[in-house]
Amino acid sequence: TQTLFGAGDMPAEQNNTDGVSFIMGLRVATGRAGAITAVRFFKAAGEGGTGHVARVFDGSNNQLASAPFVDSACAGPKWVSVPLPTPVFATAGSV
């Protein structure tokens, strides 16, 4: 299992409550082939609402996978992992 952020890592600004929806992402290049089985993100204290969706895109911005996240089961602040319904396979060097 590989992860970009450790359990103790926390963002400097944990919550921006302006009420505007947005899609936030991170571009990575794989060093070796493998499967993406979940998306992990930080949930701030007091963050709520519905309609959160974890998504995986390729380097051309084509959506490869998505999975809904249900807020009611999680109280932050903490890292939350959203399992993908089907793994996304990545080849070495892909973005």
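No experiment lies behind these values; they were computed from the predicted model shown.

Asks: Mind showing me how you'd approach the overall build of the protein here?
Replies: A tally of regular secondary structure across the protein gives 0 helices and 4 strands. Of the regular secondary structure in the protein, the N- to C-terminal order runs β-β-β-β. Burial statistics for the protein: of 95 residues in total, 18% are counted as buried. Summing over all exposed atoms, the protein offers an accessible surface of approximately 7000 Å²; the carbon and sulfur share of this is 55%.

Asks: Help me understand the environment of Asp9 in this model?
Replies: Looking at the element boundaries, Asp9 is found in the segment before β1 (34-43). Residues Asp9 and Phe42 lie 33 residues apart in sequence; the distance between their C-alpha atoms is 9.4 Å. Of note is the side chain of Asp9, whose polar atom sits 2.7 Å from the backbone nitrogen of Gly6.

Asks: Any chance you could explain the nonpolar core here in plain terms?
Replies: Across soluble globular proteins, nonpolar side chains have a tendency to be buried as a group. Residues Val39, Ala54, Val56, Ala65, Ala67, Phe69, Val80, Val82, Leu84 and Val88 constitute the largest nonpolar core, which totals 10 residues. If you list the elements that add at least two residues to this core, you get β2 (52-57), β3 (63-69) and β4 (78-90).

Asks: Is there a simple way to think about the packing of aromatic side chains in this case?
Replies: The relative placement of two aromatic rings is captured by the distance of their centres and the angle of their planes. Inspection of the entire model under this criterion finds 1 aromatic pair. A centroid spacing of 5.1 Å and a plane angle of 90 degrees characterise the contact between Phe41 and Phe69, whose relative ring orientation is edge-to-face. Residue Phe41 is found in strand β1, and its partner Phe69 is found in strand β3; the two are separated by 28 residues along the sequence.

Asks: So what exactly am I meant to see when it comes to a nonpolar patch on the surface here?
Replies: A cluster of nonpolar side chains, contributed by Leu4, Phe5, Leu26 and Val28, occupies part of the molecular surface with about 390 Å² of accessible area. When you line up the elements, Val28 lands in the segment before β1.

Asks: Could you clarify how one ought to interpret the environment of Ser66 in this entry?
Replies: Tracing the chain through its elements places Ser66 in strand β3. What makes Ser66 partly exposed here is its relative accessible area of 30%. Sequence separation between Ser66 and Pro85 is 19 residues; the distance between their C-alpha atoms is 7.8 Å. Not counting chain neighbours up to four residues away, the residues in contact with Ser66 comprise Val53, Ala54, Arg55, Leu84 and Pro85.

About the criteria used
- Residues numbered from 1 in each chain as written.
- Predicted model: local features only at pLDDT ≥ 70, side-chain atom pairs only at ≥ 80, totals over all residues.
- Heavy atoms only, no water.
- Helix = DSSP H or I, 4+ residues; strand = E, 2+ residues; numbered from the N terminus.
- Buried < 20%, exposed > 50% of the residue type's maximum accessible area, 1.4 Å probe, protein only.
- Areas by Shrake-Rupley, 256 points an atom, 1.4 Å probe, with all protein chains shown as cover.
- Polar contact = N/O pair within 3.5 Å; in protein donor to acceptor, adjacent residues only side chain to side chain.
- Core = buried A, V, L, I, M, F, W, Y, C linked by side-chain atoms within 4.5 Å.
- Phe/Tyr/Trp six-rings, centres within 6.5 Å; stacked < 30°, edge-to-face > 60°.
- Patch = residues over 30% accessible without salt bridge, like charges linked within 9 Å, V, L, I, M, F, W, Y side chains within 5 Å.
- Salt bridge = Lys/Arg side-chain N within 4 Å of Asp/Glu carboxyl O.
- Contact = heavy atoms within 4.5 Å.

Geometry only, nothing functional implied.
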